[in-house]
Amino acid sequence: MRGRLIQGGSCKAKSVLLDGLKDHLRTIKRSGRIVFIGRGTSYNAALATRPILVELSGIPITMEVASDLLDRQGPIYREDTTVFVSQSGETADTLHALECALENGALCVGITNTVGSAIARNTHCGVHINAGAEIGVASTKAYTSQIVVMAMLALAIGGDAISNQARREAIIDGLFELPNIKVKEVLKLDQEIKDLPKLLIAEQSLLVFGRGYNYATALERALKVKEVALMHSEGILAGEMKHGPLALVDENLPIVVIATRDACFSKQQSVIQQLHACNGRLVVMCSKGDAASVSVCGSCRVIEVPQVEDYLQPVINVVPL
Ligand code: BG6
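Residues numbered from 1 in each chain as written. Predicted model: local features only at pLDDT ≥ 70, side-chain atom pairs only at ≥ 80, totals over all residues. Heavy atoms only, no water.

Peer 1: Give me the lowdown on the overall build of the protein chain, citing residues and values where you can.
Peer 2: Scanning the protein chain from terminus to terminus reveals 12 helices and 12 strands. Against the globule reference of 20 Å for 321 residues, the protein chain gives a C-alpha radius of gyration of 20 Å, in line with a compact fold. With respect to the three principal axes, the spread of C-alpha positions in the protein chain is 55 × 50 × 35 Å. By residue count, 52% of the 321 residues in the protein chain fall in the buried class. Considering only contacts within the protein chain whose residues lie at least 6 apart along the sequence, 71% involve residues at least 24 apart. (Helix = DSSP H or I, 4+ residues; strand = E, 2+ residues; numbered from the N terminus. Rg over C-alpha atoms; globule rule 2.2 N^0.38 Å. Buried < 20%, exposed > 50% of the residue type's maximum accessible area, 1.4 Å probe, protein only. Contact = heavy atoms within 4.5 Å.)

Peer 1: Explain the packing of helix 6 (residues 140–158) against helix 7 (residues 165–187) residue by residue, including any values.
Peer 2: Across the interface, helix 6 lies against helix 7 with an axial gap of 11 Å and an inter-helix angle of 155 degrees. When the axes of helix 6 and helix 7 are compared, the pair comes out roughly antiparallel. Where helix 6 crosses over helix 7, the two elements pack in a sense that is left-handed. Between helix 6 and helix 7, the residues in contact are V148, M152, L155 and G158 and R168, I171, I172, L175 and L178, respectively. A breakdown of the residues in the contact of helix 6 with helix 7 according to their chemical character gives 7 nonpolar, 1 polar and 1 charged. (Axes fitted to C-alpha atoms, helices over the stretch in contact; angles between N-to-C directions. Parallel < 35°, antiparallel > 145°, perpendicular 65-115°, else oblique. Left-handed = near helix turned anticlockwise from the far one by under 90°. Nonpolar A, V, L, I, M, F, W, Y, C, P; charged D, E, K, R; others polar.)

Peer 1: Describe the environment of A238, and please don't skip the residues or the numbers.
Peer 2: Residue placement: A238 occurs in the loop between strand 9 (232–237) and strand 10 (254–259). On a C-alpha basis, the gap between A238 and Q268 in space is 7.5 Å, while along the polypeptide they are 30 residues apart. Beyond its immediate sequence surroundings of up to four residues, A238 is in contact with F209, G210, R211, Q268 and V271.

Peer 1: Which residues make up the sheet that holds strand 9, and what values go with them?
Peer 2: Spatially, 9-8-10-11-12 is the arrangement adopted by the 5 strands of the open sheet, whose pairing is parallel. Looking along the sheet, the strands with just one partner apiece sit at the ends: strand 9 and strand 12 (301–305). Direction aside, neighbouring strands of the sheet carry axes that sit 20 degrees apart on average. Of the pairings in the sheet, the one linking strand 8 (residues 205–210) to strand 10 comprises 3 bridges and is parallel in character. Bridging from a neighbouring strand, V208 pairs with V256 of strand 10. Along the sheet, helix 10 (residues 265–277) contacts strand 8, strand 10 and strand 11 (281–287); its crossing angle with strand 10, the most-contacted strand, is approximately 160 degrees. (Pairing = 2+ DSSP bridges.)

Peer 1: Could you give me a rundown of the sheet that holds strand 5 (residues 80–86), with the residues and numbers involved?
Peer 2: On the basis of which strands lie adjacent, the open sheet formed by 5 strands has the order 4-3-5-6-7 and parallel pairing. Every other strand in the sheet has two partners, leaving strand 4 (61–65) and strand 7 (125–128) as the edge strands with one partner each. For this sheet, the mean inter-axis angle between neighbouring strands, taken without regard to orientation, is 20 degrees. Of the strand pairs in this sheet, strand 3 (residues 33–38) and strand 5 are connected by 5 bridges, and their pairing is parallel. For I34, the partnering residue across the bridge sits in strand 5 and is T81. Seen against the sheet, helix 4 (residues 92–103) touches strand 3, strand 5 and strand 6 (107–112) and runs at an angle of roughly 160 degrees to strand 5.

Peer 1: Kindly report on the site of the ligand, identifying the contributing residues and their values.
Peer 2: Every residue close to the ligand is listed here: R39, T41, S42, S86, Q87, S88, T91, S139, L223, K224 and E227. Here S86 contributes a side-chain N or O atom positioned 2.6 Å from an oxygen atom of the ligand. With respect to the ligand, the side chain of S88 contributes an N or O atom lying 2.6 Å from an oxygen atom. Here the ligand has 380 Å² of accessible area as a free molecule, and 79% of this is covered by the chains. Only helix 2 (40–57) and helix 9 (215–229) provide two or more residues apiece to the shell around the ligand. Of the residues assigned to the shell around the ligand, the class counts are 1 nonpolar, 7 polar and 3 charged. Each of two domains, domain 1 (5–160) and domain 2 (189–318), supplies a minimum of three residues to the shell around the ligand. (Near = heavy atom within 4 Å. Polar contact = N/O pair within 3.5 Å; in protein donor to acceptor, adjacent residues only side chain to side chain. Areas by Shrake-Rupley, 256 points an atom, 1.4 Å probe, with all protein chains shown as cover. Domains from an automatic or database assignment.)

Right under this line is the structure:
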């Protein structure tokens, strides 16, 4: 965020400056649609920022898994802005989708962590996430930095409309507080979180329920449990619980429910009650101070995390998960 987020002051408004995009911002704002394309974690990061992008840009936003877009030969139009999200900047399907978008005349924006990568070189413009080299598979720093960059992108596209000024300023303040206050705070859960896997290590499967701002968090955590712990795990859209997942619930299957405070909180409370009624073995993630409101069962394990602006909560939640 350094050098990109402007804190404002007596005569300067809080704002965002993305140098790599400034010559193309007008075109992006005029595009008929913005299509985000990525795979795995990078796709999940884009999905996590969809609500803020939709609200601030006022432009139709679609999300595409690169391989699926290619399989379907999904249409890309000249009037589209396509945004290619990739940590490495070299993922094959994302690159093929970029070739299609270039052929079809769309504006191509790259969001990568790797300077000089194929996506950085072949897109018209873009933003580097500057997360440092990815060493392990867990990818948390790439995921959180991608979300931060796409939140700044939403702010840049949203421009300076008076109507959303208060909202924009709250998001900018929230971004400033993330690294040194909120993420530092959530890292203090270190020991508590280290104890949790001891309860899960012998299990075959782990479900992660999320919705709204945190559906992507559920998908991302399940992805990494598969890749890092080599254990079956699924991210479940909590609103779809009754249509399949509920049939799996018993006293043995561990389930993580993300129920931090946002517009979906009361719906998640009711999900917790229904899972409890089926004897679900629950670990609930909630906002600090909400343990009593989510722990219907008394026996369920609760992880309390600091609360931040709803759009930015996935950055906090993914760290302990
Ligand atoms: C997945 C990795 O297999 O590939 C993710 O687990 C990664 O962490 C994804 O994001 C796509 O790679 P990239 O480099 O395009 O982000």
